[in-house]
Amino acid sequence: MYLCKQHNVKIKSGTSKNRAPAPIQISAEQIIREAADRQEPHILDPVTKIHDAEEYQSYLSSRRKHFEDNIRYRREHIGNWVKYARFEEDNKEYERARSVFERSLEVDHRSAELWLRYAEFEMRNEFVNRARNILDRAVQILPRVDFLWYKYVYMEEMVGDADKCREVFERWMAWCPDEGAWLSYARFEVRCARAVSGDGQVANMVKATDVMKRYVNEYPCAKSFLKLAKWAEHEARDIDLARSVYESCLNELEPEEARQARVFKQFAAFEERQGEYERARVIYQHAIKFLKLGEKQQEKDEEMEGEEEVSEHERYRRDELYKSYVAFEKKHGHKDGIENVILTKQRTEYNNRVSKDPLEYDAWFEYAKLEEDHGEPSAVREVYERAVANIPPSQEKQYWKRYIYLYIYYAVYEELIMGDLDRASKIYDLCLSIIPHKKFSFAKIWVYAAKVHVRRKDLDAARKLLGRAIGVCGKEKIFTEYISLELALGEIDRCRKLYNKYLQVMPHNCKAWGRYAELERSVGETERCRALYELAISQPALDMPELLWKGYIDFEIEEGESEKARALYERLLERTGHVKVWISFAQFEGTEIGKGLEESRRIFQEAYDRLKNEGLKEERVLLLDAWRVFEKTKGDSQGVASVEAKMPRRIKKKRMRVDDETKAELGWEEYFDYHFPDDEGATSSNLKILEMAAKWKQLQAQRPDSDDDDDSDLESD
């Protein structure tokens, strides 16, 4: 806040409340004048006046020393060399200028700009032969730099040496330059033909036309054919040649080049200009069928079956082609001459969806399914090829999970519908070549590709592919599928080798240890199975050790080795005192190979005492439940009664919830607690108080009922 003294108004900083004009007005002219007056004067370089030859030589020496110092300071800077040479040129020291250029070329002989400056220096001073030699050296060293060739042929044409210019053009064409060079060659031949023919005579365009034909042969594309046709019509005045070029464009070019809308449009326009309306109509109708053009605006961008995705520019050209056809029919035909081919609404929608977002893989799935149900095999394959061409831009696995199913569905279609196993195998190989395995991989692709080789009865290829998958991917699924394949073939030794490799890569995987042991057991190798279990439980880190111990114990029980099974239980209890281990141990002793009922009760009691000492109430409840079930199944009524006497009472309590991080109270919550009869101390006294309170509550509930009965008796009296 500040105070405006003139109007006594408080104004906030950054805002303007007083909109009255200032007492002193300053114009823009005054501001500019003050800026000009205060500007510092520009200091000009001193003008050097030379009076005699000695001063001139001294001046040249000083300037040359300056340029040499600059070159020593920045030898690779081309501007220093060019300025130095220009200085020598201005002083008519041509030999020195050439020396400077030659020295610069020793520094950087690949600099096209430097060669151009050198040649222009010779051309400015009318040293034509020297310029020709320099340009010849330049194009030999840098044959792919077009502007050097342009400068070379321009110089030869300017000096009037057409043969030499044509020779340079031929040398240039041997390097297969772009279309600009060919067009320049043709225009040169046109200028030569017109110069020879003179005024009022038709020029002989044979050489120019030959150049254009060579250009078309060098670049067989729609663009070159159309340029040749336009050339033949307007420059050479050869209508038959122009028509044959258009026809060759449609017949000889690749389909993706020949189906461009501009080819049909220019061909039809050419026939219309020549008065061949029926030929033009046939061309338009063929284009409508071929490109699937229609009346509706949303259907004009439809592609024919098997065609690649159309760009926005091509869609615009197809719209223009259809408009040209309508205008042609309005001028030279009738409505019945237009044949409309409309694709189904679903195909149109899918084309629009995949055109707007090529990475919408769900649209590609639906589109491919539509073609599988109603389209031709070529159309289905084309849709899948277009779909798999849209590779996810980011190399993150979450973006590739949907993409790889395009290859899977494609391969399934080829295998099940078309019955082409070789093509399905190639599709999987292509998918594997695209996936960036250094960052992530997909085990299912490796497995599916190997299974295709198996169905092709090429086991060697399947084994090589799975072996490569183990080295590149190394996932658990690949090991399991490879082992299941070898097991189905009865190759037990190969299975053992694979399990050894499997466990080297994943020694913590308990499922792998268990499957390996089951394999050895299935082939009757009991000792190998037991050794594998021993080796497995001795591992320092396991993901599911309980699964491994259970399998080992079950194996010994099934083998009838009760002592070994009992020893395993004891070893397991040394590592962990989990209640389920105690329950399983006690139940084992109650079986036929166990020591009997008394031993089971002893183990139950020992487990109960240990859990009681550790204060684990819920585990004790689980143990008592299992003990009671065991007594009901194999014991007697006395044993059941003794266990039920130990059963706890469940009591509902409340406690305050506290946030672990902030230690703030979150409110009360209810929970259940267990009170055991054999617990001593405050817990048992509290339990007695609760029991007395419960009995009192029951008595209070019964007394109102008795009072109501007495009142009813009095009223009856």
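Residues numbered from 1 in each chain as written. Predicted model: local features only at pLDDT ≥ 70, side-chain atom pairs only at ≥ 80, totals over all residues. Heavy atoms only, no water.

## Remarks on the overall build of the protein
And step 1. Within the protein, the secondary structure is distributed over 35 helices and four strands.
And step 2. The 717 residues of the protein split such that 38% are buried.
And step 3. Across the protein, contacts joining residues at least 24 apart in sequence account for 50% of those joining residues at least 6 apart.
And step 4. If you sum the accessible surface of the protein, you get close to 43,100 Å²; carbon and sulfur atoms cover 49% of it. (Helix = DSSP H or I, 4+ residues; strand = E, 2+ residues; numbered from the N terminus. Buried < 20%, exposed > 50% of the residue type's maximum accessible area, 1.4 Å probe, protein only. Contact = heavy atoms within 4.5 Å. Areas by Shrake-Rupley, 256 points an atom, 1.4 Å probe, with all protein chains shown as cover.)

## Considerations on the packing of aromatic side chains
And step 1. Going through the model one piece at a time under the given rule, you end up with 36 aromatic pairs.
And step 2. Ring geometry for Phe-101 against Phe-121: centres 5.7 Å apart, planes inclined by 35°, an arrangement best described as tilted. Here Phe-121 lies in helix 5 (residues 112-124) and Phe-101 lies in helix 4 (residues 94-107), a separation of 20 residues in the sequence. Across this residue pair, the class does not change: Phe-101 and Phe-121 are buried.
And step 3. Between Phe-169 and Tyr-185, the aromatic rings sit 4.7 Å apart at their centres with planes inclined by 5°, giving stacked as the arrangement. A residue pair is termed long-range when its members are at least 10 positions apart, and Phe-169 in helix 8 (residues 162-173) and Tyr-185 in helix 9 (residues 179-197) qualify at 16 residues. The same class applies to Phe-169 as to Tyr-185, namely buried.
And step 4. Of the aromatic side chains, those joined through ring pairs into one cluster are Trp-149, Tyr-150, Phe-169, Trp-172, Tyr-185 and Phe-188.
And step 5. Its guanidinium or amino end placed over the ring of Tyr-608, Lys-646 lies 5.3 Å from that ring's centre, counting from NZ or CZ. (Phe/Tyr/Trp six-rings, centres within 6.5 Å; stacked < 30°, edge-to-face > 60°. Lys NZ or Arg CZ within 6 Å of the ring centre and 35° of its normal.)

## A few points about the environment of His-437
And step 1. With respect to the secondary-structure elements, His-437 resides in the loop between helix 22 (421-434) and helix 23 (443-455).
And step 2. Residue classification places His-437 among the buried positions, given a relative accessible area of 19%.
And step 3. Considered as a pair, His-437 and Ala-469 are 32 residues apart in the sequence and their alpha carbons are 9.9 Å apart.
And step 4. Those residues in contact with His-437 that sit more than four places away from it in its chain are Leu-432, Trp-446 and Val-472.
And step 5. At a separation of 2.7 Å, a polar atom in the side chain of His-437 contacts the main-chain carbonyl oxygen of Leu-432. (Polar contact = N/O pair within 3.5 Å; in protein donor to acceptor, adjacent residues only side chain to side chain.)

## Overview of the pattern of salt bridges
Should their charged atoms come close, side chains of opposite charge can pair.
And step 1. This model, assessed by the stated rule, comprises 61 salt bridges.
And step 2. The closest approach of N and O atoms between Glu-95 and Arg-98, which form a salt bridge, is 2.9 Å. Within this pair, Glu-95 and its partner Arg-98 are both found in helix 4, separated by three residues, close to a single helical turn.
And step 3. Classification of Glu-95 as exposed rests on a relative accessible area of 53%.
And step 4. Asp-625 is the partner of Arg-628 in a salt bridge, and the nearest nitrogen-oxygen pair spans 3.3 Å. Of this pair, Arg-628 and Asp-625 both sit in helix 33 (residues 617-634), separated by three residues, roughly a single helical turn.
And step 5. Members of the salt-bridge network, linked through shared partners, are Asp-240, Arg-243, Glu-247, Glu-271 and Arg-279. (Salt bridge = Lys/Arg side-chain N within 4 Å of Asp/Glu carboxyl O.)

## As for the packing of helix 11 (residues 222-234) against helix 12 (residues 239-252)
And step 1. For the pair helix 11 and helix 12, interaxial distance at closest approach is 7 Å and the crossing angle is 165°. Judged on the interaxial angle alone, helix 12 and helix 11 are roughly antiparallel. Our pair here, helix 11 against helix 12, has a crossing hand that is left-handed. Mapping the contact onto sequence places Ala-222, Phe-225, Leu-226, Leu-228, Ala-229, Ala-232 and Glu-233 in helix 11 and Ile-239, Leu-241, Ala-242, Val-245, Tyr-246, Ser-248, Cys-249 and Glu-252 in helix 12.
And step 2. Of the residues belonging to the contact of helix 11 with helix 12, the class tally is twelve nonpolar, one polar and two charged. (Axes fitted to C-alpha atoms, helices over the stretch in contact; angles between N-to-C directions. Parallel < 35°, antiparallel > 145°, perpendicular 65-115°, else oblique. Left-handed = near helix turned anticlockwise from the far one by under 90°. Nonpolar A, V, L, I, M, F, W, Y, C, P; charged D, E, K, R; others polar.)

## Some words on the nonpolar core
And step 1. Of all hydrophobic cores here, the largest spans 95 residues; its most connected members are Trp-364, Leu-406, Ile-435, Ile-445, Ile-478 and Leu-623.
And step 2. In this structure Ile-435 touches Trp-400, Ile-404, Phe-440, Ser-441, Phe-442 and Ile-445, once residues within four positions along its chain are discounted.
And step 3. Counting residues in hydrophobic clusters, the runner-up holds 79 residues, among them Ile-71, Ala-97, Phe-101 and Cys-192. (Core = buried A, V, L, I, M, F, W, Y, C linked by side-chain atoms within 4.5 Å.)

## Describing the pairing of strand 4 (residues 665-675)
And step 1. Where strand 3 (residues 649-658) meets strand 4, ten bridges bridge the pair, whose relative direction is antiparallel. In the sheet register, Arg-657 faces strand 4, and the bridge partner there is Gly-667.
And step 2. Hairpin connection of strand 3 to strand 4: six residues between the antiparallel strands, including Lys-663 at a positive phi of 60°. (Pairing = 2+ DSSP bridges.)

## A look at the confidence of the model for the protein
And step 1. Chain-level pLDDT for the protein is 81 on average; 89% of the residues reach the 70-or-more range.
And step 2. Across residues 294-307 the pLDDT falls below 50, and counting only partners more than four positions away or on other chains, this stretch makes 45 contacts in the model. (pLDDT = per-residue confidence, 0-100.)

## Considering the side chain of Arg-566
And step 1. For Arg-566, the location among the structural elements is in helix 30 (residues 562-575).
And step 2. By relative accessible area, Arg-566 is classed as buried at 5%.
And step 3. Excluding residues that lie within four positions of it along the chain, Arg-566 makes contacts with Phe-585, Phe-588, Glu-589, Ile-593, Gly-594 and Lys-595.

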